[in-house]
Amino acid sequence: MSFWELIASMLGQGLVITLLTTVLAAVLALVLGFVAGLMRLSKNKFIRFLVAIYVEVFRGTSLLVQLFWIYFVLPMFGITMTAMTAAVLAIGLNFGAYTSEVVRSGIQSVDKGQIEATIALNFTRVQRMRRIIIPQAFIIMLPNLGNQLIELFKSTSLVALITLTDLTYQANVLNATTLQTTQIFTALLVIYFVIAWPMTKGMKLLERKMTEGRM
Amino acid sequence: MSEPIVKYNNVTKYFDDLMVLDGIDFEIQPGEKVALVGPSGSGKTTFARLLMTLEEITDGTIEVAGDYLWHEKDENGDLKPASTDHLRKVRSNIGMVFQHFHLFPHMTVLENIIEAPVTVKGVDKKEAIKDGKEMLDKVGLLDKADNYPAQLSGGQKQRVAIARALVMKPKVLIFDEPTSALDPELIGEVLDVIKDIAEEGETSMLLITHEMDFAREVADRIAFFDAGKIVEDGPPSEILYHPKSPRLKEFLERFMSTQASPE
Amino acid sequence: MWDWYYAFEVLPEIASALGVTIGATVVGFILALILGLIWTLLIRSKNKIVTTVADSIVKFIRNTPLLVQLYFIFYVFPQFGLSLDPFTAGVIGLGLHYSTYLSEVFRSGIESVGPGQWEVATALNFTTKKTWTRIILPQAIPPVLPVIGNYFITMFKETPLLSAITLVEILQTAQNIGAGTFRYTEPLTIVGLLFLLLSYPASIALRQLENRVTARYS
């Protein structure tokens, strides 16, 4: 096969899975990250403790180990799932733990005077969070969230190791059938780069747009 | 005289082991303008921050418009710590303007002003915009309505902060050193706005300030704080020109020597 | 569900593979530090072409997955006559990948040293080399030490990827055991626990270092 045919073949088979895994896992990570990050700031010690365990376990062990554990060990306890579900769950849980730290430190770095202003204007705690703190914290978090999205996208290549047919998996299959090793893995690197690079640029642009004139 | 709008009863405040307010009794009448002066660390800022509920009271009670601020009565009529709802209800009488403005940086000037009426009070947005623009006009910043705070000068920021506090129609408005963070040439515009509000007369004011001329002009009464106590309290003419206590005399002398009056 | 006897039986075998995991981390990290510093210096070069090329390589490596880079080194290099054993290929992959992150850290450290320090060095007639080794780097590195440490831990947790290029580190060992006995629960859980046991105390220690550094430098 020619170089372009190889690329076309990989894209045709694996691109959708790679992108779908990225999007689903990113949404899960963002939701988990916000929920866990806010819970970590709770007044309730027990809630803080529970979240700390989640965060430390998923940050302290390796993503690939988590992926294998969810895919190979959970079925032993009667919990079976498709490779896709396992992939989204593992990546989402893993990045959710990191995101929660981003969320927590983002919220904590909002100027304390903002809290005083909302007390003086008689906001409730929920109103304060929703209207004043989170919108400002989000802008502070954006660069970190952007970096995490790129890292998450790159990490989806691991799902090939639990037989999910993403770009990397397809490359391995092609490699086994055509033996055009050099072209295949070069093409694979280029494909990832061509997706990740605009993502990096896009996040930077979004960042600039959101801070324009305001901060 | 009518019922006081604010009444401090034997209010004490500790930060850990450090006593900053020592059993203070104090009253503010409706519409009264009170200036708080004194050396830094004398307790005047803490005194005001307790009223805004930015610091927790250690002992004693504060009454606002006839209700306890930090307490409420249980079924036996005894005082217990106030619930969040009770605290918010009583707190709605108080507003504050901060030294460092604390505008919401992610909102335009107009959004800053309508945010609390709409979110906290549930005022209809159209009406809030109308009121907000009127208030902006009053502080002379209607043309800045769509700017973000970062695009304003310090004096303009503080005028927006004043407008933001005023649209909530507080019965008592606290000014915590409103011009201390400003460049000298911007102080005048802010003081003028405060004077205008003072002349309207309805709102009681608690002014923490180092501007003695301004205090004399605006305040009905000046309270001098020293070491957690109100040492002297009276009309400006007495406090500034006929001080009784040696501490106040010393304070005024030092003050006059470092800050020659322009008049 | 969980067999303690089996767990204790497989524990020594898995733990013995820790040597490979830690070895790959340490060697990979040293490589990353050296390469990272080289990228930083090349990107700061006055020669536009050198800057552009180095910057492009760093961007390319940063924006592609480590796993694919490992495949590339392990499967493509031999096509050009450069056959590497899994450990060497793995260490090069880790080192290369993380060098791009460390280069960024070095850059921010160097940029945090004010221009005045360069001017002082010139005024005192330091050579370029002495300016770097005596003035700039001693100020640039300590504040970013916690971040560098963090990357060390991150890299440690990425070593299981080397199992994909057949390196028998702890994850691969656990899988081999699992494949033989059809029991993955205990081996995989042990691997997870080992990572947690090593990385968690390390990150606690780093947080303390970070507090000390913040107290001293800001």
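Residue positions are given per chain, counted from 1 along the sequence in the order it is written. As a convention, the first chain written is A and the first ligand written is 1, with the rest following in written order. Whole-chain, interface and lining totals are the exception, using all residues; otherwise, since this is a predicted model, local features are given only for residues with pLDDT of at least 70 and side-chain atom pairs are given and counted only at 80 or more. Note: side-chain values were computed over all heavy atoms of the structure, leaving out hydrogens and water.

Trainee: Give a description of the nonpolar core that names residues and reports values.
Mentor: Counting 95 residues, the largest nonpolar core has Met-10 and Leu-188 of chain A together with Ile-14 and Val-191 of chain C as the members making the most contacts within it. Aside from chain neighbours lying at most four places away, what touches Ile-14 of chain C is Ile-170, Thr-173, Ala-174, Ile-177, Pro-187, Ile-190, Val-191 and Leu-194 of chain C. Counting 52 residues, the second-largest nonpolar core is a separate cluster that includes Ile-119 of chain A together with Tyr-8, Ala-48 and Val-90 of chain B. Definition of nonpolar core: a set of buried residues of the types Ala, Val, Leu, Ile, Met, Phe, Trp, Tyr and Cys, connected through side-chain atoms within 4.5 Å. Burial status follows relative accessibility: with a 1.4 Å probe on protein chains alone, a residue under 20% of its type maximum counts as buried, one over 50% as exposed, and anything between as partly exposed. Working rule for contacts: check all heavy atoms of both residues, and any pair within 4.5 Å makes them a contact.

Trainee: Residue-level account of the side chain of Asn-9 of chain B, with values.
Mentor: Residue and element names in this part refer to chain B. In this description a helix means any DSSP run of H or I spanning at least four residues, a strand means any run of E spanning at least two, and both kinds are numbered starting from the N terminus. Within the element layout of this structure, Asn-9 appears in strand β1 (residues 6-15). Among the residues examined, Asn-9 registers a relative accessible area of 18% and is labelled buried. Of note is the side chain of Asn-9, whose polar atom sits 3.2 Å from the side chain of Lys-7. Beyond its immediate chain neighbours, meaning those up to four positions away, Asn-9 contacts Ile-24, Asp-25, Gly-60, Thr-61 and Glu-63. N or O atoms within 3.5 Å of each other form a polar contact, as long as, within protein, one can give a hydrogen and the other can take it, and as long as residues adjacent in sequence are counted only when both atoms are side-chain atoms.

Trainee: Which residues make up the interface of chain B and chain A, and what are the values?
Mentor: Chain B puts 27 residues into the contact, and the matching count from chain A is 20 residues. When two parts are brought into contact, each loses some accessible area as probed by a 1.4 Å sphere; the total of that loss over both is the buried area. For the chain B and chain A pair, buried surface summed over both sides reaches about 2,100 Å², with 59% attributable to carbon and sulfur atoms. Salt bridges are counted wherever a side-chain nitrogen of Lys or Arg sits within 4 Å of a carboxyl oxygen of Asp or Glu. Taken together, chain B and chain A are joined by two salt bridges. One salt bridge connects Glu-116 of chain A with Arg-49 of chain B, and the closest N-O pair in it is separated by 2.5 Å. Here chain B is connected to chain A by eight residue pairs in polar contact (both at pLDDT 80 or more). Sorting the residues of the side of chain B that touches chain A by element identifies α2 (84-91), β8 (94-97), α3 (109-121) and α5 (154-166) of chain B as the ones contributing at least two each. For the side of chain B that touches chain A, the element with the most residues is α3 of chain B, which contributes four residues.

Trainee: Tell me about the pairing of strand β11 (residues 221-226) of chain B, and name the residues and values.
Mentor: All names here are of chain B. Summarising burial for β11: six of the six residues are buried, a large majority. Neither face of β11 is open: one carries Arg-221, Ala-223 and Phe-225, the other Ile-222, Phe-224 and Asp-226, and all of them are buried. If DSSP finds at least two bridges between two strands, the strands pair. Of the pairings in the sheet, the one linking strand β3 (residues 33-37) to β11 comprises four bridges and is parallel in character. Counted as the bridge partner of Leu-36 is Ala-223 from β11. Bridge count between β11 and strand β12 (residues 229-234): five bridges; the pairing is antiparallel. Following the sheet pairing, Ile-222 is matched in β12 by Gly-234. Between the end of β11 and the start of β12, which pair antiparallel, lie two residues, with Ala-227 showing a positive phi angle near 50 degrees.

Trainee: Just give me the short version of the side chain of His-102 of chain B, but keep the residues and values in it.
Mentor: Within the secondary structure, His-102 of chain B sits in the loop between β8 and α3. On the basis of relative accessibility, which here comes to 12%, the residue His-102 of chain B falls in the buried class.

Trainee: Which residues make up the sheet that holds β8 of chain B, and what values do they have?
Mentor: Where strands meet in a sheet, backbone hydrogen bonds hold them as pairs that are either parallel or antiparallel. Residues and elements named next belong to chain B. The strand order β8-β9-β10-β3-β11-β12 describes an open sheet built from six strands, whose pairing is mixed. Unpaired on one side and paired on the other, β8 and β12 mark the two borders of the sheet. The sheet shows a mean angle of 20 degrees between the axes of neighbouring strands, direction not considered. Judged from the four bridges that link them, β8 and strand β9 (residues 172-176) form a sheet pairing that is parallel. Residue pairing in the sheet places Met-96 in a bridge with Ile-174 of β9. Orientation is described by axes fitted as lines to C-alpha atoms, over the contacting stretch for helices, and by angles from 0 to 180 degrees between their N-to-C directions. Each of β3, β8, β9, β10 (204-208), β11 and β12 touches helix α1 (residues 44-51); the most contacted strand, β10, lies at about 145 degrees to it.

Trainee: Hey, could you go over the pairing of β9 of chain B for me, with residue numbers and the actual values?
Mentor: Residue and element names in this part refer to chain B. Most of β9 is tucked away, with five of its five residues classed as buried. Of the two faces of β9, both are covered, the one formed by Val-172, Ile-174 and Asp-176 as well as the one formed by Leu-173 and Phe-175. Handedness of the crossover is the feature at issue here: the chain leaves β9, passes through helix α6 (residues 184-200), returns alongside β10, and the resulting connection is right-handed. Handedness rule for crossovers: strands pointing away from the viewer, path from the first strand over the helix to the second running clockwise, crossover right-handed.

Trainee: Can you lay out the confidence of the model for chain C for me, pointing to particular residues and giving the numbers?
Mentor: For any part of a model where pLDDT is low, the fine detail of the predicted coordinates should not be relied upon. For chain C, per-residue confidence averages 93 on the pLDDT scale, and 100% of positions sit at 70 or higher. Reported confidences for the modelled complex are a pTM of 0.87 and an ipTM of 0.92. A residue's pLDDT is the confidence the predictor assigns to it, expressed on a 0 to 100 scale.

Trainee: Can you explain the arrangement of the chains? Please cite residues and give values.
Mentor: Ranking by contact count across two pairs of chains in contact places chains A and C at the top. Without any contact between them, chain B and chain C keep their closest C-alpha atoms 22 Å apart.

Trainee: Any details on the interface of chain A and chain C? Residues and values, ideally.
Mentor: Listed per partner, the contact involves 35 residues of chain A and 37 residues of chain C. Buried surface at the junction of chain A and chain C, both sides included, amounts to about 3,300 Å², of which 73% is carbon and sulfur. Among the residues of chain A in contact with chain C, Val-65, Lys-154 and Leu-189 of chain A are the three that bury the most area, contributing 17% of the side total. Linking chain A with chain C are one salt bridge. We note a salt bridge from Glu-56 of chain A to Arg-207 of chain C, for which the minimum N-O separation is 3.4 Å.

Trainee: Before we move on, can you summarise the packing of aromatic side chains with the specific residues and values?
Mentor: Think of it this way: a Phe, Tyr or Trp ring, Trp meaning its six-membered ring, pairs with another when their centres are within 6.5 Å, and the plane angle makes it stacked under 30 degrees, edge-to-face over 60, tilted otherwise. Enumeration over the complete set of coordinates arrives at 25 aromatic pairs over all chains. Between the aromatic rings of Phe-29 of chain C and Phe-152 of chain C, the centroid separation amounts to 5.0 Å while the plane-to-plane angle is 80 degrees, which identifies the pairing as edge-to-face. In this pair, Phe-29 of chain C is assigned in helix α2 (residues 18-43) and Phe-152 of chain C in helix α7 (residues 128-158), connecting sequence segments 123 residues apart. Pairing Trp-118 of chain C with Trp-132 of chain C gives two aromatic rings, centres 5.3 Å apart and planes at 85 degrees, and the pair type is edge-to-face. Of this pair, Trp-118 of chain C sits in helix α6 (residues 115-123) while Trp-132 of chain C sits in helix α7, and the two are 14 residues apart along the sequence. Judged by relative accessible area, which is 16%, Trp-132 of chain C ranks as buried. Counting every residue linked through ring pairs, the aromatic cluster contains Phe-68, Tyr-71 and Phe-72 of chain A together with Tyr-184 of chain C. It is Arg-164 of chain B that lies over the ring of Phe-104 of chain B; its NZ or CZ is 4.5 Å from the centre. Charge-over-ring placement is defined geometrically: NZ (Lys) or CZ (Arg) within 6 Å of the ring centre, and within 35 degrees of the ring normal.

Trainee: Lay out the sheet that holds strand β5 (residues 67-68) of chain B with the relevant residues and their values.
Mentor: All names here are of chain B. If you trace the four strands from one edge of the open sheet to the other, you get β2-β1-β4-β5, paired in antiparallel fashion. Unpaired on one side and paired on the other, β2 (18-28) and β5 mark the two borders of the sheet. Across seven bridges, β1 lies against β2 in antiparallel orientation. Within β2, the residue paired with Lys-13 across the bridge is Leu-21. Packing of α1 onto the sheet brings it into contact with β1, β2 and β4 (59-64), and relative to β1 it is tilted by some 115 degrees.

Trainee: Run through the packing of α6 of chain C against α7 of chain C, naming residues and quoting values.
Mentor: All names here are of chain C. Axis separation between α6 and α7 bottoms out at 11 Å; the angle between their running directions is 160 degrees. Compared by their axis directions, α6 and α7 come out roughly antiparallel. Between α6 and α7 lies a crossing of right-handed hand. Contact with α6, carried on its side by Gln-117, Trp-118 and Ala-121, involves Thr-131, Trp-132, Ile-135, Ile-136 and Gln-139 of α7 and no other residues of that element. A breakdown of the residues in the contact of α6 with α7 according to their chemical character gives five nonpolar, three polar and no charged. Throughout, the term roughly parallel applies to angles under 35 degrees, roughly antiparallel to angles over 145, roughly perpendicular to angles from 65 to 115, and oblique to all others. Handedness of a crossing is defined here by the sense of rotation of the near helix relative to the far one, left-handed for an anticlockwise turn of less than a right angle and right-handed for a clockwise turn. Note on residue categories: nonpolar means Ala, Val, Leu, Ile, Met, Phe, Trp, Tyr, Cys or Pro, charged means Asp, Glu, Lys or Arg, and polar means any other residue, Gly included.

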